Amino acid sequence: MRTASESWLGRIDSHQRISHDSIRGLGYDWSKVAEPDIGPLYPAKLYLARSTADVVSAVRETRQLGQQLRVRSKGHSSNNLVLSDGGAVLLTQLMDGIIGFDPDRLRITVQAGATNAALDDWLAERGFGLPVVGDHKDITVGGFVSMGGISPTSHRLGLFVEHVVELEYVDGDGQVYRCGPADDPQRYWRVAGGLGRAGVITEATLEVIAIDKYRTVLATHTTRFPDFDTFVRGTRGQLADLGDCYAARGMWLDTGSFSAGQFSSYRSTPQTAWKSAIDKVGYGTLHAIGLAAGTVPASVDKALKLAGMAGTLHGPAFATMKNVEFFTDKLIDTTVGDPSRMLITLVPLSAYEALLPRLWQLVGRYRHRHGCFTFLTCYVKGIRSPYLGEEEFAEVTYLLGIRRGAFPDSLLSALVEEFDELVIDHGALRYMHTRTVADPARRALIDPNLRHLARMAVPGEDA
């Protein structure tokens, strides 16, 4: 049986013009999506790890030589986490094996370089799936654990790190440890969400669920909004009352000449052939847009990108679980048309109506004063996670269309300074793989992992 990753659907992704698997690509991270002409930062030394023993050897060698070791799999980051100009980089792409699967206990153990999408497809052939999956096919298990891991199902299932049973990792001294949230939670939570500070994740045992994501159809319930203020108020209310819906997401789009917003929840529905047909025709059409992106003239590519965004605003009435999870990744190619950059914040719902308009005004002011942005979008998802705290949160992504030559790094840094100041003032957090302030003291205030460790720490203990 072919999995989706082997079919034409698997060849669609959100950045077809960027290669994760080439020597040339090792000089770039996700920032190249925002700055296509950016210069490379190539490492001088590469370690091609295939096992935990290989990781131990690399860590000990670079430590002995006094070199900093960066860890990289697919480079899905834009916050200077995986590049090392003239330095040493450990690649985990070859550490992608499945070590063991226990369907009775609903557990699977994999190497950290395995991608979530390929793993979910492997499980799908056996009637199972991952509870939380990223919406991009090149996110690895190790990378997702290091960040926390958010999906459209996080309003009811939490973060990826809350579905890890056990981790294996190699610390900065080259020592191998195993830990889990139930067994040695202090050690586990220094690794999970820790951006690699505690060491290199090499293996993970994950929870799985019995599910048929490729054939189970959900009904799409959509609310539309006439302006951004109404979008904020309306989505705040819906995020607080999602109930048992399978997944949910909202989007506001402003192209400068057109603006619109919607919020969609995806709910259980009786299964019928007619609903499956609507899903196949509707998403087949949308996926065809994604497949065509990057293969046509630039002017057409720009139109396709806007068509893809329109598709997210007016999705089909029915969708399989898999189409919901990977909706935008197969529809919008960020490497065609206008370049784009993401800034992601994790907002307590109590601060949602205050913070979102302030951030929207901020990016709008930069567009007006500097002419640096073409389109502006705001994506929202709900999160209910003990890792973040007792309160419900929302993941809020500001996707900014970049006018080439008008948004230098100095302007980006200035925007991020103001963006993060607002985030700090409202008690929110950042999703740390997108660009943040560089100052360690201020970064500590917006880092979800450091805040979680501070809540866990016994009095007087240094988290």
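Remember, predicted model here, so these are calculated numbers, not experimental data. (Residues numbered from 1 in each chain as written. Predicted model: local features only at pLDDT ≥ 70, side-chain atom pairs only at ≥ 80, totals over all residues. Heavy atoms only, no water.)

Some words on the environment of Gly 199
Here Gly 199 lies in the loop between helix 6 (185–191) and strand 9 (200–207). For the pair Gly 199 and Tyr 169, spaced 30 residues apart in sequence, the C-alpha to C-alpha distance is 6.3 Å. Filtering out sequence-adjacent residues up to four positions away, Gly 199 remains in contact with Tyr 169, Val 170 and Asp 171. (Helix = DSSP H or I, 4+ residues; strand = E, 2+ residues; numbered from the N terminus. Contact = heavy atoms within 4.5 Å.)

Side note on the nonpolar core
Of all hydrophobic cores here, the largest spans 88 residues; its most connected members are Leu 206, Tyr 352, Phe 373 and Cys 378. Counting residues per element, this core draws most heavily on helix 11 (residues 349–370), at 10 residues. Ignoring anything within four residues of it in the chain, the contact list for Cys 378 reads Phe 228, Phe 231, Gly 250, Met 251, Trp 252, Leu 356, Trp 360, Val 396, Thr 397 and Tyr 398. One finds Tyr 47, Ala 88, Val 170 and Val 200 within the second-largest nonpolar core, a separate group that totals 12 residues. (Core = buried A, V, L, I, M, F, W, Y, C linked by side-chain atoms within 4.5 Å. Buried < 20%, exposed > 50% of the residue type's maximum accessible area, 1.4 Å probe, protein only.)

Some details on the packing of aromatic side chains
Per the stated rule, a full pass over the model turns up 15 aromatic pairs. On the basis of an interplanar angle of 75 degrees and a centroid distance of 6.5 Å, the ring pair of Tyr 28 and Tyr 42 is categorised as edge-to-face. Residue Tyr 28 is found in the segment before helix 1 (31–34), and its partner Tyr 42 is found in the loop between helix 1 and strand 1 (45–48); the two are separated by 14 residues along the sequence. Taken together, a centroid distance of 6.1 Å and an interplanar angle of 75 degrees make the contact between Phe 228 and Trp 252 edge-to-face. One end of the pair, Phe 228, is in helix 7 (residues 228–239); the other, Trp 252, is in strand 12 (residues 247–254), and 24 residues separate them in sequence. (Phe/Tyr/Trp six-rings, centres within 6.5 Å; stacked < 30°, edge-to-face > 60°.)

Observations concerning the sheet that holds strand 12
One open sheet holds the eight strands; their spatial order is 14-11-13-12-16-17-15-18, and the pairing between them is antiparallel. The outermost strands of the open sheet, each flanked by one partner alone, are strand 14 (318–320) and strand 18 (429–430). Across two bridges, strand 15 (residues 340–348) lies against strand 18 in antiparallel orientation. In the sheet register, Thr 345 faces strand 18, and the bridge partner there is Arg 430. Taken strand by strand, helix 12 (residues 409–425) contacts strand 15, strand 16 (373–383), strand 17 (393–402) and strand 18, and its axis lies near 10 degrees from that of strand 15. (Pairing = 2+ DSSP bridges. Axes fitted to C-alpha atoms, helices over the stretch in contact; angles between N-to-C directions.)

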